[in-house]
Amino acid sequence: QVQLVESGGGLVQPGGSLRLSCAASGNILNIYGMGWYRQALGKQRELVAAITSGGSTNYADSAKGRFTISRDNAKNTVYLQMNSLKPEDTAVYYCNADGSDYGFRPFHSWGQGTQVTVSS
């Protein structure tokens, strides 16, 4: 079993910054991809940014130029640095990880979510 624990959400004013962290633990042999998704009230969950174990990144258009995803493979941790935040960035942010465990079984795990609210 693999657990993902997010931290770093909160309330921030427009134009401000936040840094989200997500640490994976448990029965982990390899983590291939990690990513951040978000779900605003009344909307579907959407990809914000993703990163492979080799460091290749992918961003939603809304995140390009403002958000930066990074990871520490040794710590099984992924980060999301969010700058120039806008009210429309308000959502619950979820961490995701895909990998394999010591039994060579694939896993696809989600964190519990962390609230980000951008408001004056």
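Values in this document were obtained by computation on a predicted structure and should not be read as measured data.

J.: When you look at the sheet that holds strand S3 (residues 18-26) in this model, what are you seeing that I'm missing?
T.: Backbone-to-backbone hydrogen bonds join strands into a sheet, with any given pair of strands oriented parallel or antiparallel. Taken in spatial order, the four strands line up as S1-S3-S8-S7 in an open sheet, and their pairing is antiparallel. Across the chains shown, the open sheet's two edge strands, defined by having one partner strand only, are strand S1 (2-7) and strand S7 (67-72). For this sheet, the mean inter-axis angle between neighbouring strands, taken without regard to orientation, is 15°. As paired strands, S1 and S3 are joined by six bridges and run antiparallel to one another.

J.: Explanation requested: the state of the cysteines in the structure shown.
T.: Chemically, a disulfide is nothing more than a covalent bond linking the sulfur atoms of two cysteines. In the structure shown here, the tally under the stated rule is one disulfide. Between Cys-22 and Cys-95 runs a disulfide, and the two sulfur atoms are separated by 2.1 Å. Across the S-S bond of Cys-22 and Cys-95 the torsion is about -80°, and the bridge reads as left-handed. One end of the pair, Cys-22, is in strand S3; the other, Cys-95, is in strand S9 (residues 91-100), with 73 residues separating them in the sequence.

J.: How do you make sense of the environment of Gly-10 when you look at a structure like this?
T.: Relative to the helices and strands, Gly-10 resides in strand S2 (residues 10-12). For Gly-10 and Asp-72, which are 62 residues apart along the polypeptide, the C-alpha to C-alpha distance reads 23 Å. Setting aside residues up to four positions removed in sequence, Gly-10 forms contacts with Leu-18, Gln-115, Val-116 and Thr-117.

J.: I tried to follow the pairing of strand S5 (residues 46-52) on my own but got confused; where do I start?
T.: By the bridge criterion, six bridges tie strand S4 (residues 30-39) to S5 in an arrangement that is antiparallel. By the bridge assignment for S5, Gly-35 is matched with Ala-50. Between S4 and the antiparallel strand that follows it, S5, lie six residues; Gly-42 among them carries a positive phi value of about 80°. In the sheet, S5 pairs with strand S6 (residues 57-59) via three bridges, with the strands oriented antiparallel. Bridging from a neighbouring strand, Ala-49 pairs with Tyr-59 of S6. Linking S5 back to S6 in an antiparallel pair, the connection comprises four residues, with Gly-55 at a positive phi of about 100°.

Definitions and cut-offs
- Residues numbered from 1 in each chain as written.
- Predicted model: local features only at pLDDT ≥ 70, side-chain atom pairs only at ≥ 80, totals over all residues.
- Heavy atoms only, no water.
- Pairing = 2+ DSSP bridges.
- Helix = DSSP H or I, 4+ residues; strand = E, 2+ residues; numbered from the N terminus.
- Axes fitted to C-alpha atoms, helices over the stretch in contact; angles between N-to-C directions.
- Disulfide = S-S within 2.5 Å.
- Contact = heavy atoms within 4.5 Å.

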